[in-house]
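Residue-level listing of the chains:
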Amino acid sequence: MRLLFLGDVVGRSGRTAVNTQLPGLISKHGFDFVVVNGENAAGGFGITEEILRDLLAAGADCVTTGNHVWDQREALTFADRNDRFLRPINYPTGTPGRGANVYTAKNGARVLVLNVMGLLFMRALDDPFQAVSRELSACAIGNGCDAIVIDFHAEASSEKQTMGYFVDGRASLVIGTHTHVPTADWKILAGGTAYMTDVGMCGDYDSVIGMEKDEPLRRSTTKIPSGRLEPGGGQAALSGLAVEIDDQSGLARRVAPLRIGPGLPPAEPDFGS
Ligand SMILES: [Fe+2]
Ligand SMILES: [Fe+2]
């Protein structure tokens with residue numbers, strides 16, 4: 001199975017890049033399953049149902065989120081009725097929506113996608129390691145699903161690396177989101193879990209983590225907020241990770257970054273036909 005994970009989609013330029021390029025990438029590379037993090041898709045803050053539908057129509061099988069999940073209040077409503085939309089699983093009991101779900105990939109494999117948020121330099125939520133542990137006990141590779149993708153939405157690289165080792169051999173992929181800057185450490189851990197500390201964003205890289213530069217510069221130098229943070233309007237680059245997963249073991253065989261567009265060194269997976 002071939003899987004593609006695309007990082008946080010930021011604003012209109014990010015959406016345009018994903019919606020126009022994803023269908024072609026799916027057919028070119030034969031991706032069986034696509035996960036997109038959409039937490040910044042609506043003007044940098046949250047996601048609307050219409051934007052969610054567009055990402056699904058472009059080929060996403062599941063849209064994950066993070067700390068910005070509720071920035072657009074309508075997400076509180078559609079989170080419950082759209083089972084392809086995930087919010088971090090470690091929100092308090094009773095939070096709308098779901099943090100994990102099993103989907104059927106194009107090749108027939110059952111893929112568990114888990115969205116979970118870190119605690120370091122983030123809002124205090126339930127323990128992410130316990131939450132992941134609970135889910136993996138309830139649905140394991142070979143016993144309930146054929147592959148497992150964990151979107152670990154977290155600030156600290158240390159916490160993300162720790163999660164990678166925590167589930168090594170039990171998940172197909174642990175991928176970091178939230179920092180919007182891709183790291184250069186994509187790899188397969190000793191137990192067979194693909195890992196990357198942060199997948200980066202799908203957005204305008206001539207920016208401060210996707211947002212137009214002027215206001216961040218003013219805020220940092222004067223300490224006075226003087227305007228709204230707006231997404232960068234320049235052409236967006238896509239940043240993602242492709243993983244080839246063994247059909248029998250559900251573990252990673254090959255892993256390669258995908259970077260297309262201005263501001264990032266170009267990279268496309270070459271897994272052959
Ligand atoms: Fe984000
Ligand atoms: Fe985030």
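Definitions and limits used
By convention here, each chain's residues receive numbers from 1 onward along its written sequence. Chain A is the first chain written and ligand 1 is the first ligand written, with later ones labelled in order. The model is predicted, so local features are restricted to residues of pLDDT at least 70 and side-chain atom pairs to those at 80 or more, both for listing and for counting; the totals for chains, interfaces and linings are taken over all residues. As a convention, hydrogens and water are excluded, and side-chain values are obtained from all of the structure's heavy atoms. Patch rule: a residue counts if its relative accessible area is over 30% and it has no salt bridge; like charges are joined within 9 Å, and nonpolar side chains (Val, Leu, Ile, Met, Phe, Trp, Tyr) within 5 Å. Here the Shrake-Rupley method, with its probe set to 1.4 Å, supplies the accessible areas, and only the displayed protein chains count as covering residues. Salt-bridge detection follows one rule: a side-chain nitrogen of Lys or Arg within 4 Å of a carboxyl oxygen of Asp or Glu. The helix and strand labels rest on DSSP assignments: H or I over at least four residues marks a helix, E over at least two residues marks a strand, and numbering proceeds from the N terminus. Buried means the residue's accessible area, taken with a 1.4 Å probe over protein chains only, is under 20% of the maximum for its type, while exposed means over 50%, and partly exposed covers the values in between. Keep in mind that water is not among the atoms, so a site may look incomplete; donors are the N, O and S atoms within 2.8 Å of the metal, or 3.2 Å for Na, K and Ca. In this scheme the shape depends on donor count and angles: four donors with every angle between 85 and 135 degrees give tetrahedral, four or six donors with opposite pairs above 155 degrees and others between 65 and 115 give square planar or octahedral in turn, and any other case is irregular. Pairing of N or O atoms within 3.5 Å defines a polar contact, subject to two protein rules: one partner must be a possible hydrogen donor and the other a possible acceptor, and residues neighboring in sequence count only if both atoms are side-chain atoms. Note on contacts: a residue pair qualifies if any of its non-hydrogen atoms lie within 4.5 Å across the two residues. Grid points spaced at 1 Å over the protein atoms alone were grouped into cavities, where a 1.4 Å probe fits but cannot get out, and pockets, open sets with protein on both sides within 12 Å along at least five of seven lines, with lining residues defined by an atom within 4 Å of a point. Grid points are joined across faces, edges and corners, and a volume is the space filled by probe spheres set on the points. Side-chain classes are defined by residue name, with Ala, Val, Leu, Ile, Met, Phe, Trp, Tyr, Cys and Pro counting as nonpolar, Asp, Glu, Lys and Arg as charged, and the others, Gly among them, as polar. Two strands pair if DSSP finds at least two bridges between them. Axes here refer to lines fitted to C-alpha atoms; in helices the fit is confined to the stretch in contact. Angles between the N-to-C directions go from 0 to 180 degrees. Each residue after the first adds 1.5 Å to the expected span of a helix. Bend is the name given here to the angle between axes fitted to two runs of seven residues, the run ending at a residue and the run starting at it.

**A look at a nonpolar patch on the surface**
Together, V181, V208 and I209 line one region of the surface with nonpolar side chains, adding up to about 230 Å² of accessible area. One can find V181 in the loop between β10 (173-177) and β11 (187-188). Owing to a relative accessible area of 46%, V181 belongs among the partly exposed residues under this scheme.

**A closer look at the coordination of the iron ion (ligand 1)**
Coordination angles at a metal have ideal targets, namely 109.5 degrees for four tetrahedral donors and 90 or 180 degrees for six octahedral donors. Within the protein, the iron ion (ligand 1) binds to D8 (OD), E39 (OE), N40 (OD1) and H180 (NE2); these donor distances fall in the range 2.0 to 2.2 Å. Coordination at the iron ion (ligand 1) is irregular: its four donor atoms span angles of 86 to 163 degrees at the metal. All donors to the iron ion (ligand 1) come from one chain, and their sequence spacing reads D-x30-E-N-x139-H. In this model, the iron ion (ligand 1) sits 3.4 Å from the iron ion (ligand 2), the two metals being bridged by E39. Of this pair, N40 sits in the loop between β3 (33-37) and α2 (49-58) while H180 is found in the loop between β10 and β11, placing the two residues 140 residues apart along the sequence. Per residue, the accessibility class of N40 equals that of H180, and both read buried.

**Overview of the environment of T197**
Counting through the fold element by element, T197 comes out in the loop between β12 (194-196) and β13 (201-202). Considering only alpha carbons, one finds T197 and L173, 24 residues apart in sequence, at a separation of 11 Å. Within polar-contact distance, the side chain of T197 engages the side chain of D185 at 2.3 Å.

**A short note on α2**
Buried within α2 we find E49, I51, L52, L55, L56 and A58. On its buried face, α2 sits against α1 (11-29), β4 (62-64) and α3 (75-81). One or two positions beyond α2, positive phi appears at G59, with a value near 130 degrees.

**Digging into the layout of surface pockets**
Considering only enclosed or pocket space, the largest pocket measures out at about 190 Å³ in volume. Lining the largest pocket are 13 residues, and of these H68, H180, I209, M211 and L229 lie nearest its centre. Its residues placed into classes, the lining of the largest pocket shows seven nonpolar, five polar and one charged.

**Some points on the sheet that holds β12**
Spatially, β5-β6-β9-β10-β12-β11 is the arrangement adopted by the six strands of the open sheet, whose pairing is mixed. In this open sheet, the two edge strands, each paired with only one partner strand, are β5 (100-104) and β11. Direction of pairing for β10 relative to β12: parallel, over a ladder of three bridges. Bridge pairing links L173 to A194 in β12. Sitting on the sheet, helix α4 (residues 128-138) is in contact with β5, β6 (110-117) and β9 (147-153), with an inclination near 165 degrees to β6. Each of β9, β10, β11 and β12 is contacted by helix α5 (residues 157-167), which is oriented at about 170 degrees to β10, the strand it contacts most.

**Quick look at the side chain of H153**
Structurally, H153 can be placed in strand β9. When its relative accessible area of 0% is taken as the criterion, H153 is described as buried. There is a polar contact of 2.7 Å between the side chain of H153 and the side chain of T177. Of the polar contacts made by the side chain of H153, one reaches the side chain of H178; its length is 3.1 Å.

**Considering α1**
In this model, α1 (19 residues) spans 26 Å end to end at C-alpha, consistent with the 27 Å of a helix rising 1.5 Å per residue. Q21 marks the point of greatest bend in α1, at about 40 degrees, and the proline P23 comes within the next four residues. Remark: G30 follows α1 within two positions and exhibits a positive phi of approximately 65 degrees.

**Some details on the pattern of salt bridges**
All chains considered together, the criterion is met by 13 salt bridges. Between E49 and R53 there is a salt bridge, with its nearest N and O atoms 3.8 Å apart. In this pair, E49 and R53 both sit in helix α2, four residues apart, roughly one turn of the helix. By relative accessible area, E49 is classed as buried at 13%. Its salt-bridge partner being D246, residue R253 comes within 3.0 Å of it at the nearest N-O pair. Three or more residues joined by partner-sharing salt bridges are found here, namely R2, E244, D246, R253 and R254.

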